[in-house]
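Overview (structure and organization)
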Amino acid sequence: MSDPNKEFDGIRQDDNPLPTWWKWVFFGSIVFAIFYAIYFHKYSNWGTTDYYSAQVQDYEKEFPNRNVKVESVDGVNPFRGKPEAIAAGQTTFQTYCVACHGPTGEGLVGPNLMDKEWLHGNTDKQIYETVMKGIPVEKAKMGRGPMPAHENSLGSEKIYQVMAWLASRNPDLKASN
């Protein structure tokens, strides 16, 4: 039979049992956790679904106009040429688009937005659809990366503002065909 008091790397191991109070606390914690879980999931009125719904309502009260839906009847950007929209568009571009399109829009991973070459269309309607729905890897052209969809992250108002900024910098972005 082996010695219960073994020595490993100069550290002596004794076969001491845990204190009784520690065992009672450990088993008491397990029993409490079981009863708490049963109570919380079966008998409590507070649940994660209700909590999440309350958080969403609080957020919507604090930020009521996060993604304002802006529609264009004929496909032309309604913010084209408006100075306040152009300024807001530049800010949004510098926040969200600069990583792929560069600080001046001349392209990095994403295509150059300041030249005459438009890979996925050069009208307001085509660019809007490209930004809203994105470009998957399979449809990316000329070795450029994919375009993430910004339908939920930015919304139509911010996308039209970015497009107004682009149109103010690049006259090759046409209002319509």
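Residues numbered from 1 in each chain as written. Predicted model: local features only at pLDDT ≥ 70, side-chain atom pairs only at ≥ 80, totals over all residues. Heavy atoms only, no water.

Below, the discussion takes up the overall build of the chain. Along the chain, the regular secondary structure elements total five helices and two strands. Taken against the 2.2 N^0.38 rule, which gives 16 Å for 177 residues, the C-alpha radius of gyration of the chain at 30 Å runs more than 25% over that of a compact globule. With respect to the principal axes defined by its C-alpha atoms, the chain has extents near 90 × 50 × 30 Å. A burial count over the chain gives 26% of its 177 residues as buried. Within the chain, contacts between residues at least 6 apart in sequence are counted, and of these 55% link residues at least 24 apart. Entry remark: accessible area of the chain is about 12,900 Å², with carbon and sulfur atoms responsible for 57%. (Helix = DSSP H or I, 4+ residues; strand = E, 2+ residues; numbered from the N terminus. Rg over C-alpha atoms; globule rule 2.2 N^0.38 Å. Buried < 20%, exposed > 50% of the residue type's maximum accessible area, 1.4 Å probe, protein only. Contact = heavy atoms within 4.5 Å. Areas by Shrake-Rupley, 256 points an atom, 1.4 Å probe, with all protein chains shown as cover.)

Before going further, it helps to examine helix α5 (residues 155–169). Helix length check: α5 (15 residues) gives 22 Å between terminal C-alpha atoms against 21 Å at 1.5 Å per residue, within 8%. Within α5, 11 of the 15 residues are buried, which leaves the element mostly enclosed by the surrounding structure. Restricting attention to buried positions, one finds in α5 the residues Gly-155, Ser-156, Ile-159, Tyr-160, Gln-161, Val-162, Met-163, Ala-164, Trp-165, Leu-166 and Ala-167. Contacts made by the buried residues of α5 are with α3 (83–101) and α4 (124–133). (Expected span 1.5 Å × (residues − 1).)

Looking at the element boundaries, Asn-77 is found in the loop between α2 (48–62) and α3. Taking the relative accessible area as the measure of exposure, Asn-77 reaches 4% and is therefore buried. The residues contacting Asn-77, other than those within four sequence positions of it, are Asp-124, Tyr-160, Met-163 and Ala-164.

We now examine the domain arrangement of the chain. What the domain assignment lists for the chain is domain 1 (7–62) and domain 2 (83–168). With centres defined by C-alpha atoms, the gap from domain 1 to domain 2 works out at 48 Å. (Domains from an automatic or database assignment.)

The contact between α4 and α5 brings their axes to 10 Å, and the two run at 130°. Considering the angle they form, α4 stands oblique to α5. Note that α4 runs across α5; the crossing there is right-handed. Packed against α4, whose contacting residues are Asp-124, Ile-127, Tyr-128, Val-131 and Met-132, the element α5 presents Gly-155, Ser-156, Ile-159, Tyr-160 and Met-163 at the interface. (Axes fitted to C-alpha atoms, helices over the stretch in contact; angles between N-to-C directions. Parallel < 35°, antiparallel > 145°, perpendicular 65-115°, else oblique. Left-handed = near helix turned anticlockwise from the far one by under 90°.)

Mapped onto the present numbering, the UniProt feature "domain: Cytochrome c" (unreviewed entry) falls at residues 84–170. Helix makes up 49% of residues 84–170 and strand 0%, with an end-to-end C-alpha separation of 18 Å. (UniProt positions renumbered as here; feature names shortened; annotations may be inferred.)

Taken from the UniProt record, the annotation "transmembrane region" (unreviewed entry) applies to residues 20–39. Between the end C-alpha atoms of residues 20–39 there is a gap of 28 Å, over a span that is 100% helix and 0% strand.

Let us now look at the packing of aromatic side chains. Here the structure, examined in full by the defined rule, presents six aromatic pairs. With a centroid separation of 5.9 Å and 20° between ring planes, the pair formed by Phe-32 and Tyr-36 is classed as stacked. On the criterion of helical spacing, the pair formed by Phe-32 and Tyr-36 is a turn pair, its members being four residues apart in helix α1 (residues 20–43). Taking the relative accessible area as the measure of exposure, Phe-32 reaches 57% and is therefore exposed. Relative accessible area serves as the criterion here: at 46%, Tyr-36 is assigned to the partly exposed category. Here the aromatic rings of Tyr-36 and Phe-40 are separated by 6.2 Å at their centres, their planes lie at 20°, and the arrangement is stacked. Placement of both Tyr-36 and Phe-40 in helix α1 is noted, with a separation of four residues, approximately one turn of the helix. (Phe/Tyr/Trp six-rings, centres within 6.5 Å; stacked < 30°, edge-to-face > 60°.)

Buried within α4 are the following residues: Asp-124, Ile-127, Tyr-128, Thr-130, Val-131 and Met-132. Packing partners of the buried residues in α4 comprise α5.

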